[in-house]
Amino acid sequence: MTDLLQVSNLTKHFPLPGGWAFWRPSDRVVKALDGISFSIEEGTTFGLVGESGSGKTTVSKLILLLERPTSGEIRFAGTDIARLDSGSIAGYRRVAQAVFQDPYSSLNPRMTVGELLAEPLIVHEAPSRDTVDRRVRELLDIVGLNPASGKLYPHEFSGGQRQRIAIARALALRPKFIVLDEPVSALDVSIRAQILNLLCDIQREFNLTYLLIAHDLAVVAQVSKTCGVLYLGKMVEICSSEDLAHNPLHPYTQALIAAVPVPDPDSPEPQIIAGEIPSPLNPPPGCRFHTRCPLAQPQCREKEPLLREVAQRRWVACHLV
């Protein structure tokens, strides 16, 4: 199976203004991402997990070309998307779509659902009115909504139904790749499984490739084939979803798993990772997790560990592994 998306040494630094003189350049930068690499096989799901502030959303913005990388490459089907011209960018955005976290804010409340689904078709393809109407009905049927509901507005739907509409809109141009940025975190627990099952069914039917960004490890383990763990702009572990849930190697991944509540009254209380995540303005030297790691050694404070393959398709950035 071939890789559809390849991210190589991707770095994104956001410069800060120079104090009170905001128009002056500053040497200070927020190191949102610092040289991460991963790949996603065509037709599979890659899950990206980590705490708030780890850089997950920055990854999605770079892949969707909402931000430009400071350095590194993002190759889609072998082409570096950072080097695309304006015409090619329009073509890329047809095959790379997104479903965002909040269905309440990602849909224009002034447009009917039919207009929302028709808009990308009209902009990119300019088909006939009959073709647009037929495609809108097909999209609503694919996501499990009544085709007649295209005349309604987003506020007339529940949260789960709105997310189905957002998924239908992402499918409008028949993409190959979809970024799922916390697609179920704003939904009730009873609805989450329905949306995840829908996404899996759609993936199988249309051979879609997903980048799933989430902080819920259960969601990632259920949907993803491969997972990457981000900490303060660094990739610390890449493994299968099964290994993530049952055999994590990096101390940070182990801490994330240990912090997951278990529905058993006799089980011990979840372990909380000590301390706060350091500032990306001034990340610690060496391993960035050493300030919170219970296993840290002197070399962890001095030398940055490289992400290396420790088993087949298993990469860890830790001196102790």
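For the structure itself, consult the block above.
Since the model is a prediction, treat every value here as computed from it, not as a measurement. (Residues numbered from 1 in each chain as written. Predicted model: local features only at pLDDT ≥ 70, side-chain atom pairs only at ≥ 80, totals over all residues. Heavy atoms only, no water.)

Colleague: Could you clarify how one ought to interpret the overall build of the protein in this entry?
Modeller: Assigned secondary structure in the protein consists of 10 helices and 12 strands. Relative to the 2.2 N^0.38 estimate, which gives 20 Å for 321 residues, the radius of gyration of the protein is 21 Å and therefore close to what a compact globule would have. Once the C-alpha set of the protein is aligned to its principal axes, its extents read approximately 70 × 60 × 45 Å. Relative to its full complement of 321 residues, the protein shows a buried share of 46%. Considering only residue pairs separated by 6 or more positions, the protein has 65% of its internal contacts joining residues 24 or more positions apart. For the protein, the exposed surface amounts to about 16,200 Å²; the carbon and sulfur share of it is 51%. Within the protein, one finds 33 positive and 35 negative side-chain charges whose respective centroids are separated by 6 Å. (Helix = DSSP H or I, 4+ residues; strand = E, 2+ residues; numbered from the N terminus. Rg over C-alpha atoms; globule rule 2.2 N^0.38 Å. Buried < 20%, exposed > 50% of the residue type's maximum accessible area, 1.4 Å probe, protein only. Contact = heavy atoms within 4.5 Å. Areas by Shrake-Rupley, 256 points an atom, 1.4 Å probe, with all protein chains shown as cover. Lys, Arg positive; Asp, Glu negative; His and termini not counted. Charge placed at Lys NZ, Arg CZ, Asp CG, Glu CD.)

Colleague: Before we go on, may I ask you to explain the packing of aromatic side chains in this structure?
Modeller: The way to describe two aromatic rings as a pair is by their centre distance and the angle between their planes. On inspection of all chains with the given rule, the structure shows six aromatic pairs. Centre to centre, the rings of Tyr-231 and Phe-289 are 5.2 Å apart; their planes meet at 85°, and the pair counts as edge-to-face. With Tyr-231 in strand β9 (residues 226-231) and Phe-289 in the loop between α9 (251-258) and α10 (298-302), the pair connects residues that are 58 residues apart, well separated along the chain. Taken together, the aromatic side chains of Phe-76, Tyr-92 and Phe-177 make up a single cluster linked through ring pairs. Above the plane of the ring of Phe-14 lies Lys-12, whose end atom (NZ or CZ) is 5.0 Å from the centre. (Phe/Tyr/Trp six-rings, centres within 6.5 Å; stacked < 30°, edge-to-face > 60°. Lys NZ or Arg CZ within 6 Å of the ring centre and 35° of its normal.)

Colleague: When you look at the sheet that holds strand β1 (residues 3-15) in this model, what are you seeing that I'm missing?
Modeller: In a beta sheet, neighbouring strands pair by backbone hydrogen bonds and run either parallel or antiparallel. Pairing is antiparallel in the open sheet, where four strands are placed in the order β2-β1-β4-β5. Of all the strands in the sheet, the pair left with one neighbour each is β2 (29-41) and β5 (79-80). As defined by bridge partners, β1 adjoins β2 across 10 bridges and the pair is classed as antiparallel. Residue pairing in the sheet places Thr-11 in a bridge with Asp-34 of β2. Against the sheet, helix α1 (residues 56-63) contacts β1, β2 and β4 (71-76), and its axis sits at roughly 65° relative to β2. (Pairing = 2+ DSSP bridges. Axes fitted to C-alpha atoms, helices over the stretch in contact; angles between N-to-C directions.)

Colleague: It is not clear to me how the nonpolar core should be interpreted in this structure. Could you clarify?
Modeller: Generally speaking, a soluble globular protein has its nonpolar side chains buried in company with each other. By size, the foremost hydrophobic cluster in this structure holds 38 residues, and its most contacted members are Ile-167, Ile-178 and Ile-202. When contributions to this core are tallied by element, the ones reaching two or more residues are α3 (113-124), α4 (129-142), α5 (159-171), β7 (177-181), α6 (189-206), β8 (209-213) and α7 (217-223). Apart from the residues within four sequence positions on either side, Ile-178 is in contact with Gln-97, Ala-98, Val-99, Ala-170, Leu-171, Leu-208, Thr-209, Tyr-210 and Leu-211. Core analysis: the next-biggest nonpolar cluster, separate from the first, contains 30 residues, Leu-4, Leu-62, Tyr-92 and Ala-98 among them. (Core = buried A, V, L, I, M, F, W, Y, C linked by side-chain atoms within 4.5 Å.)

Colleague: When you look at α1 in this model, what are you seeing that I'm missing?
Modeller: Along an α-helix, a turn takes 3.6 residues, which lines up residues three or four apart on a common side. Of all eight residues in α1, six are buried, a share of seventy percent or more. Residues Lys-56, Thr-58, Val-59, Ser-60, Leu-62 and Ile-63 constitute the buried set of α1. Count one or two residues on from α1 and you reach Leu-65, which has phi positive near 60°.

Colleague: Can you help me understand α9 in this one?
Modeller: Residues of α9 that are buried include every one of Pro-251, Tyr-252, Thr-253, Ala-255 and Leu-256, and no others. Against α7, β9, β10 (234-240) and α8 (241-246) lie the buried residues of α9.

Colleague: What exactly am I supposed to notice about the environment of Ala-193 here?
Modeller: Within the element layout of this structure, Ala-193 appears in helix α6. Judged by relative accessible area, Ala-193 falls into the partly exposed class, the value being 39%. Along the primary structure Ala-193 and Val-219 are separated by 26 residues, whereas in three dimensions their C-alpha atoms are 8.8 Å apart.

Colleague: For this particular structure, what's the right way to read the sheet that holds strand β6 (residues 96-99)?
Modeller: Spatially, β6-β7-β8-β3-β9-β10-β12-β11 is the arrangement adopted by the eight strands of the open sheet, whose pairing is mixed. A single partner strand is all that each edge strand has here, and the edge strands are β6 and β11 (308-311). Neighbour-to-neighbour, the strand axes of this sheet turn through a mean angle of 25°, independent of strand direction. Of the strand pairs in this sheet, strand β3 (residues 45-49) and β9 are connected by four bridges, and their pairing is parallel. The partner of Val-49 across the bridge, within β9, is Val-229. Those strands touched by α9 are β9 and β10, and its axis lies near 100° from that of β9.

Colleague: Would you take a moment to explain the pattern of salt bridges for this structure?
Modeller: Between side chains of opposite charge, pairing is possible as soon as their charged atoms come close. As enumerated under the stated definition, the model contains 16 salt bridges in all. Across the pair Asp-216 and Arg-192 runs a salt bridge, and its minimum N-O distance is 3.7 Å. Here Arg-192 lies in helix α6 and Asp-216 lies in the loop between β8 and α7, a separation of 24 residues in the sequence. Given a relative accessible area of 27%, Asp-216 falls into the partly exposed group. On the accessibility criterion, Arg-192 (23% relative accessible area) is partly exposed. Salt bridges here are not isolated pairs; linked through shared partners, they connect Glu-41, Lys-225 and Arg-313. (Salt bridge = Lys/Arg side-chain N within 4 Å of Asp/Glu carboxyl O.)

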